Amino acid sequence: MTHGQRTGPRPGLRERKKQRTRDALLRAALELFTTQGYERTTVDEIVEAVDVSQRTFFRYFASKEETTFAVQEMIESRFIDELRRRPAAEAPLEAMRQAMMSAWAGIGETLSEVVSIDLYIRMYQMVESTPDLFAAHLQRGVAMENQVVELIAEREGLDVRTDPRPRVAVAAFSSVIRVTGQLWGRSPDPSVESLRGLTQEYLDHLVPALASDWRRGEVA
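Structure report, in brief.

How each quantity is defined
Chains are numbered independently. Their residues run from 1 in the order of the written sequence. Confidence filtering applies because this is a predicted model: local features only for residues at pLDDT of at least 70, side-chain atom pairs given and counted only at 80 or more, and all residues used for totals across whole chains, interfaces and linings. Side-chain figures throughout are based on the complete set of non-hydrogen atoms in the structure, without hydrogens or water. Helix and strand definitions here come from DSSP, where helices need a minimum of 4 consecutive H or I residues and strands a minimum of 2 consecutive E residues; each element is numbered from the N-terminal end. Per-residue accessibility, obtained with a 1.4 Å probe over protein chains only, is compared with the maximum for each type, and a residue is labelled buried under 20%, exposed over 50%, and partly exposed between these values. Each reported salt bridge corresponds to a side-chain nitrogen of Lys or Arg within 4 Å of a carboxyl oxygen of Asp or Glu. What we call a nonpolar core is a set of buried Ala, Val, Leu, Ile, Met, Phe, Trp, Tyr and Cys residues that are connected through their side-chain atoms within 4.5 Å. Contacts: residue pairs with any heavy atoms within 4.5 Å of one another. The directions from the helix axis to the C-beta atoms form the arc being described.

## Description of the environment of E66
Then, number 1: Take E66: it is sitting in helix α4 (residues 64–68).
Then, number 2: A C-alpha to C-alpha distance of 9.5 Å links E66 and L26, two positions 40 residues apart in sequence.

Here it is in structure tokens:
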């Protein structure tokens, strides 16, 4: 289980205090990153904002970069958990679609406990405009896609070394998720419901878009 996941029974007082400290460090880091710049922000400034030591910071995060992607990791972990729970009879694209919808259905409240939607959008925009972070974001995306490919191949009983279908399906799905994330980041409605609706709309068009004759408007 990753640091960002919040599942299972309610934790004890000690664990809740630790989670509050981690959340406070995360919020402080993202606020500083998005207001004064990622490169200009130091760990000293982050811990000063929360009134804790550097040692405490590194107890929760290995680096500044890890704080940048902590919220995204929480969302991705929820998606992976949901995908593992999807019925075996579902087709791969449908399983990924339902897993993503289920993940977003349950993530809104959890996300709001950690950061505001506004801060999350600003963080997303900062990553896209910061070369080093964007490169790290792309690397994380590749690692995430590989994990999903392995899950889909396992579900379907396929060998990814000889069967390209899991990689093709995951590549198409991931591209839609990236596009909807970018569109949502520029949307006048920065809500989780808006992101879910936009994601669902675009995923609904995925199969028809790939299987139709665009000039005739007919499904092949």
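## Details of unusual backbone geometry
Then, number 1: We note that D51 has phi near 65 degrees; this positive angle belongs to a residue other than glycine.
Then, number 2: Considering the arrangement of structural elements, one finds D51 in the loop between α2 (43–50) and α3 (54–60).
Then, number 3: A relative accessible area of 69% means that D51 is categorised as exposed.

## Details of the pattern of salt bridges
Then, number 1: If you walk through the whole model with that rule in mind, you get twelve salt bridges.
Then, number 2: Of the charged contacts in the structure, one is a salt bridge between R97 and E94, with a shortest N-O distance of 4.0 Å. Here R97 and its partner E94 are both found in helix α6 (residues 92–114), three residues apart, which amounts to about one turn of the helix.
Then, number 3: For R97, a relative accessible area of 15% corresponds to the buried category.

## Re the nonpolar core
Where a protein is soluble and globular, its nonpolar side chains tend to be buried together.
Then, number 1: V71, F79, L83, M96 and V148 are the most contacted members of the largest nonpolar core, which has 59 residues in total.
Then, number 2: No other element matches the nine residues that α6 contributes to this core.
Then, number 3: With residues up to four places along the chain from it excluded, the contact list for F79 reads M96, A99, M100, A103, M144, V148 and F173.

## Things to note about α2
An α-helix turns once every 3.6 residues. As a result, residues three or four positions apart point the same way.
Then, number 1: Within α2, burial applies to V43, I46 and V47. Along α2, the residues classed as buried sweep out an arc of 90 degrees about the axis, all on the same side. Among the exposed residues of α2, those oriented more than 90 degrees off its buried face are E48 and A49.
Then, number 2: Against α1 (13–36), α3 and α4 lie the buried residues of α2.
Then, number 3: The first or second residue beyond α2 is D51, which carries a positive phi of 65 degrees.

Keep in mind that these numbers describe shape and distance, not what the molecule does.
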